Amino acid sequence: MDTWQFISLGVAAALSCLYALERKKRVQATSDRDRALDQMSAKNDQDFRTGLMTPDAFDKALNDATQKADRAGGSYAVLAIVLDNFGLIQDGFETEIGDQVLKLTAQRLLTSVGHSASVCKGEGGEFAVLLSGGVPIGTQAARRINAELSKPLELSANTTQSTCSIGIAVYPEHGARAKMWGNASLAMRSLKSSGGNDYCVYDPAMAVQARDEAVMVNDLRQAVEAQQFTLYFQPKIDAQSLQVTAAEALLRWHHPTRGFVSPVVFIPLAEKHGLMGPIGNWVIEEASRTAAVWLQSGLRMRVAVNISGYQMRQDNLVEHIVSVLERHGVQPERFTCEITETVAMEDTAATKLTFEKMRQAGFHVSIDDFGTGYSSLGSLRRLPAAELKIDRAFVMDLETSEEARSIAKSIIDMARALGLKVIAEGVETLGQSNLLVDMGCDELQGFLYSLPIPAEDLQKMAMQRHGGSGSDFRDSLYATNFLRDIG
Ligand code: C2E
Ligand code: MG
Ligand code: MG
């Protein structure tokens, strides 16, 4: 790293500390204020900010509804509602804006369900509704709430919008009185983890799934310590020369009793339960160590690491990577950060700062799973990206779908216009590879070239192709007639 990069990184680090301090102060002030408001609310059974019932008052309403249903043989529905992006609104705007959103949401809830229903303000952006009637009444109300709450919110300073997720549990169909609110919340959380912005009726299988998830998360907590993780590597191939330019690190978890657990399953769990920090750091350490081993044996290429949303929001991610790379003697330009399009487009103060620091540190940034999100040309131009990675879904359908071909071609053209390289992931057939090369795709990655394999195997492969001597990876690993070799 040259002096200028070092100074820039220092400035960015200072900015990041200021931002973190400012955020900490705001969170502290907000929670002190919220505690005071909650105490005031508790005295009146009425939430001070929204005028809705407090959770204690709602509990009493649930008791009354249960007695009534037991006496008359009727039923009631509990709806657990959460504003899907209330966390982001709280993080990105002043406290007063958050309060205005809650107040407007409360009014819209009352409009949607009428004054005969009990409506409660829970924690953060959560609400609950109690209605007499069964599943059809509950789902009708949920549809009205979904529609009403997704309308734009006119605030004093600006306009914002939020969707909501609703879980529904019905008494006595879905369990005892004491479980009603919990079961509705379980349905809401289960819906939210699969995308949200909808409603969903409680199912006992959700409880089983939640228990299973809790056990898995517990195991995941110990997996780093117990050395159950390994990294596999999959090469990225230059489309013209068929030489290896980089290797993507892909995490593997060998669970002692479940066997291999896919990262598609455990990475979202780690994100959701705050475990991505230690796991992500382990990946960075191991990938850098491997890159150093490769360098020492004469293999030169980039190592690519997938960076999750949680990591992007960490204050010191870039400083951490820089120090690990320095310790292993690996240059920052040799380190690729793969960030999914969805995370890259989050556009919060925290992710913007991380991108800026990545630019200053000189990392190579790749936008992963490209085509699945909603980037605009403008937002892409602002990112320090060097590469777009076409999502496997489009590559998979290339030979059969005109639409997939058009999407791949527009991604390649857009990348050209922005001066970015394009790589296609999930290339499995020669037909897909030929189409991509004809469209002007720069690099290819997929089972056609290699499965993800252990680091030593990748190294051995490279060495064998060069008669066992150490060599520059750029003109090694695959002979130019590689496709003929495997054909
Ligand atoms: P990704 O980063 O988009 O990685 C590509 C995935 O496609 C990998 O799945 C890879 O094994 C698979 N793949 C590669 N070529 C082919 C092909 O030709 N055909 C098919 N069918 N699949 C192919 P994997 O290893 O299961 O990883 C899945 C996802 O998990 C990754 O998607 C990434 O989002 C996440 N992930 C994996 N390791 C890490 C990690 O260390 N950190 C983070 N944050 N996420 C990771
Ligand atoms: Mg990736
Ligand atoms: Mg991908």
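So, here's what we can say about the structure. (Residues numbered from 1 in each chain as written. Chains lettered and ligands numbered in written order. Predicted model: local features only at pLDDT ≥ 70, side-chain atom pairs only at ≥ 80, totals over all residues. Heavy atoms only, no water.)

Observations regarding the packing of aromatic side chains
Inspection of the entire model under this criterion finds eight aromatic pairs. Taking 5.5 Å as the distance between ring centres and 55° as the angle between the ring planes, the aromatic pair formed by Phe 335 and Phe 363 counts as tilted. Within this pair, whereas Phe 335 is found in strand β12 (residues 335–340), its partner Phe 363 is found in the loop between α13 (349–361) and β13 (364–370), the two being separated by 28 residues in sequence. Phe 363 shares its class with Phe 335; the two are buried. Three or more aromatic residues joined by ring pairs make a cluster, and in this case those are Phe 229, Trp 253, Phe 266 and Trp 282. (Phe/Tyr/Trp six-rings, centres within 6.5 Å; stacked < 30°, edge-to-face > 60°. Helix = DSSP H or I, 4+ residues; strand = E, 2+ residues; numbered from the N terminus. Buried < 20%, exposed > 50% of the residue type's maximum accessible area, 1.4 Å probe, protein only.)

Comments concerning the site of ligand 1
Taken together, 22 residues are adjacent to ligand 1, and Arg 252, Asn 306, Arg 392, Glu 428 and Phe 447 come closest. The separation between an oxygen atom of ligand 1 and a polar side-chain atom of Asn 306 is 2.8 Å. In the complex, the protein chains occlude 84% of the 800 Å² of accessible area that ligand 1 would expose alone. Mapped onto the shell around ligand 1, the elements with two or more residues apiece are β9 (244–255), α8 (263–272), α9 (276–296) and β13. Per element, the largest residue contribution to the shell around ligand 1 is four residues, and it comes from β9. A breakdown of the residues in the shell around ligand 1 according to their chemical character gives 10 nonpolar, five polar and seven charged. (Near = heavy atom within 4 Å. Polar contact = N/O pair within 3.5 Å; in protein donor to acceptor, adjacent residues only side chain to side chain. Areas by Shrake-Rupley, 256 points an atom, 1.4 Å probe, with all protein chains shown as cover. Nonpolar A, V, L, I, M, F, W, Y, C, P; charged D, E, K, R; others polar.)

Examining the coordination of the magnesium ion (ligand 3)
Distances from the magnesium ion (ligand 3) to its protein donors, Asp 368 (OD), Asp 369 (OD), Glu 425 (OE) and Glu 425 (OE), fall within 2.0 to 2.3 Å. Along the chain, the residues donating to the magnesium ion (ligand 3) fall in the pattern D-D-x55-E. The exposure class assigned to Asp 368 is buried, which follows from its relative accessible area of 5%. (Donors = N, O, S within 2.8 Å, 3.2 Å for Na, K, Ca; no water.)

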